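Given next are the chains, with one letter for each unit.
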Amino acid sequence: MVSEYLKQNTADYHDAAEKLFNSEKIFNKTFTLEDYKKIIHTNYLMLLHSEDQIFSRLSGTYAEKLQLDDRKKLALIEKDLESLSLKSQSVSHDLEFNNVHEALGAMYVIEGSTLGGNVIAKQLSKTEGFDEVTFNFFGCYQENTGPMWKNFKEVLDTEVTEENYNEVLSGARKLYMFLLNVN
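Residues numbered from 1 in each chain as written. Predicted model: local features only at pLDDT ≥ 70, side-chain atom pairs only at ≥ 80, totals over all residues. Heavy atoms only, no water.

Labelled according to an unreviewed UniProt entry, the protein appears under the name Heme oxygenase, originating from Chryseobacterium gallinarum.

## Brief notes about the overall build of the protein
Operational definition: Helix numbers and strand numbers start at the N terminus; a helix is a DSSP run of H or I with at least 4 residues, a strand a run of E with at least 2. We compute the radius of gyration over the C-alpha atoms and compare it with the globule rule, which gives 2.2 Å times the number of residues raised to the power 0.38. For every residue, the accessible area obtained with a 1.4 Å probe (protein chains only) is divided by the maximum for its type, and the residue is called buried under 20%, exposed over 50%, and partly exposed between those limits. Pairs of residues are marked as contacts when any of their non-hydrogen atoms sit within 4.5 Å. Positive charge is attributed to Lys and Arg, negative charge to Asp and Glu, and no charge count is given to His or to the chain ends. The location of each charge is read from NZ of Lys, CZ of Arg, CG of Asp or CD of Glu.
The helix and strand inventory of the protein stands at eight helices and zero strands. Helices (α) and strands (β) of the protein occur, in sequence order from the N terminus, as α-α-α-α-α-α-α-α. The C-alpha atoms of the protein give a radius of gyration of 16 Å, which matches the 16 Å a tight globule of 183 residues would have. Referenced to the eigenvectors of the C-alpha coordinate spread, the extents of the protein come out at roughly 50 × 30 × 30 Å. Taken across its 183 residues, the protein has 48% of its residues classed as buried. Contacts in the protein between residues far apart in sequence, at least 24 positions, make up 86% of those at least 6 positions apart. The positive charge centre, built from 19 side chains, and the negative charge centre, built from 29, are 3 Å apart in the protein.

## Topic: the nonpolar core
Worth spelling out the cut-off: What makes a nonpolar core is a set of buried Ala, Val, Leu, Ile, Met, Phe, Trp, Tyr and Cys residues whose side-chain atoms join them at distances within 4.5 Å.
Core analysis: the biggest nonpolar cluster contains 56 residues, and Tyr-36, Ile-40, Ile-54, Leu-58 and Leu-66 have the highest contact counts within it. Put simply, the parts of the chain that give this core at least two residues each are α1 (2-9), α2 (11-20), α4 (33-58), α5 (74-83), α6 (100-124), α7 (145-159) and α8 (165-181). If one sorts the elements of this core by residue count, α4 sits on top with eleven residues. Those residues in contact with Leu-66, other than ones at most four positions away along the chain, are Leu-58, Arg-71, Leu-104, Met-107, Asn-151, Phe-152 and Val-155.

## Considerations on the packing of aromatic side chains
Where two aromatic rings form a pair, the distance of their centres and the angle of their planes describe that pair. Selection rule: Aromatic pairs are defined between Phe, Tyr and Trp rings, using the six-membered ring for Trp, whenever the two ring centres lie within 6.5 Å; interplanar angles under 30 degrees are classed as stacked, those over 60 as edge-to-face, and all others as tilted.
A full pass over the atoms with the stated rule returns nine aromatic pairs. Both rings, one in Tyr-36 and one in Phe-130, keep their centres 5.9 Å apart while their planes meet at 90°; by these two values the pair is edge-to-face. Here Tyr-36 is found in helix α4, whereas its partner Phe-130 is found in the loop between α6 and α7, with 94 residues between them in sequence. Of the residues examined, Phe-130 reaches a relative accessible area of 3% and is grouped as buried. Among the aromatic residues, those joined into a cluster by ring pairs are Phe-31, Tyr-36, Phe-130, Phe-135, Phe-137 and Phe-138.

## Notes on the confidence of the model for the protein
Just so we agree on the cut-off: For every residue, the predictor assigns a confidence score, pLDDT, that lies between 0 and 100.
Averaged over the protein, the pLDDT score is 93; the fraction of residues at 70 or greater is 99%. The spread of mean pLDDT over the elements of the protein runs between helix α3 (residues 24-27), the lowest at 89, and α1, the highest at 97.

## Describing the packing of α4 against α8
How we decide: Here, axes are lines fitted to C-alpha atoms. For helices the fit covers the stretch in contact, and angles between N-to-C directions go from 0 to 180 degrees. Any angle that falls under 35 degrees is termed roughly parallel, while one over 145 is termed roughly antiparallel, one within 65 to 115 roughly perpendicular, and all others oblique. Left-handed describes a crossing whose near helix is turned anticlockwise from the far helix through less than a right angle; right-handed describes the clockwise counterpart.
In the contact formed by α4 and α8, the axes pass within 9 Å of each other and the chain directions differ by 135°. The angle between α4 and α8 places the two elements in the oblique class. In the packing of α4 onto α8, the handedness of the crossing is right-handed. For the pair α4 and α8, the contacting residues are Thr-42, Asn-43, Leu-45, Met-46, His-49 and Ser-50 in the first and Leu-175, Phe-178 and Leu-179 in the second.

## A few points about α1
Residues spaced three or four apart along an α-helix point in a common direction, a consequence of the helix completing one turn every 3.6 residues. Quick reminder of the rule: The directions considered for the arc are those from the helix axis to the C-beta atoms.
Listing the buried residues of α1 in full gives Val-2, Ser-3 and Leu-6. Seen from one end, α1 has its buried residues packed into an arc of 105°, which puts them on one side. Residues of α1 that are exposed and angled more than 90 degrees away from the buried face: Lys-7 and Gln-8. The secondary structure elements touched by the buried residues of α1 are α6, α7 and α8.

## Points about the pattern of salt bridges
For the record, the criterion: What counts as a salt bridge is simple: a side-chain nitrogen of Lys or Arg found within 4 Å of a carboxyl oxygen of Asp or Glu.
This structure, assessed with the given rule, holds six salt bridges. Taking the shortest distance from any N to any O, the salt bridge between Glu-34 and Lys-37 comes out at 3.5 Å. On the criterion of helical spacing, the pair formed by Glu-34 and Lys-37 is a turn pair, its members being three residues apart in helix α4. For Glu-34, a relative accessible area of 54% gives the class exposed. Between Glu-111 and Arg-71 there is a salt bridge, with the nearest N and O atoms lying 2.7 Å from each other.

Structure representation (structure tokens):
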């Protein structure tokens with residue numbers, strides 16, 4: 001299954017992202033508002049540079065299967081930017097997904113950030129200094145986070161054949177590399 005293949009082959013990128021964002025501080029309650037601003041800003045840049053392209057690649061075959069209209073997150077994270085008094089930006093980097101499989105791999109990274117983000121939002125909402133924070137991006141699916149992730153993985157695993165695994169992985173790696181190097 002491609003979802004397991006991606007999990008295994010992107011583990012180092014995932015770990016590097018957790019380190020970049022000081023994720024361990026979230027659970028020991030030493031994560032600061034400045035740490036949160038960094039994670040929101042970086043995720044904003046990731047979405048700004050990838051979401052439209054990913055969705056345009058997937059809009060035909062996968063629009064209904066993946067419930068694409070319900071997965072758009074750029075407008076949500078822009079609300080978080082505004083509430084944190086961070087500035088929006090324009091696209092400044094070349095980031096291109098060459099086909100539908102690369103787009104699916106990139107979407108794996110975004111959907112994974114949403115899955116982890118739900119945990120982050122729950123934890124930070126119990127942390128001092130986060131009383132006024134709105135978690136529009138990290139809390140985007142609310143109680144539907146699990147079902148949305150499950151649906152995404154099911155579509156990936158049923159639609160992607162083994163000969164396309166490397167293209168899906170390529171898309172995931174491109175987006176992870178962007179995320180890790182954007183600052």
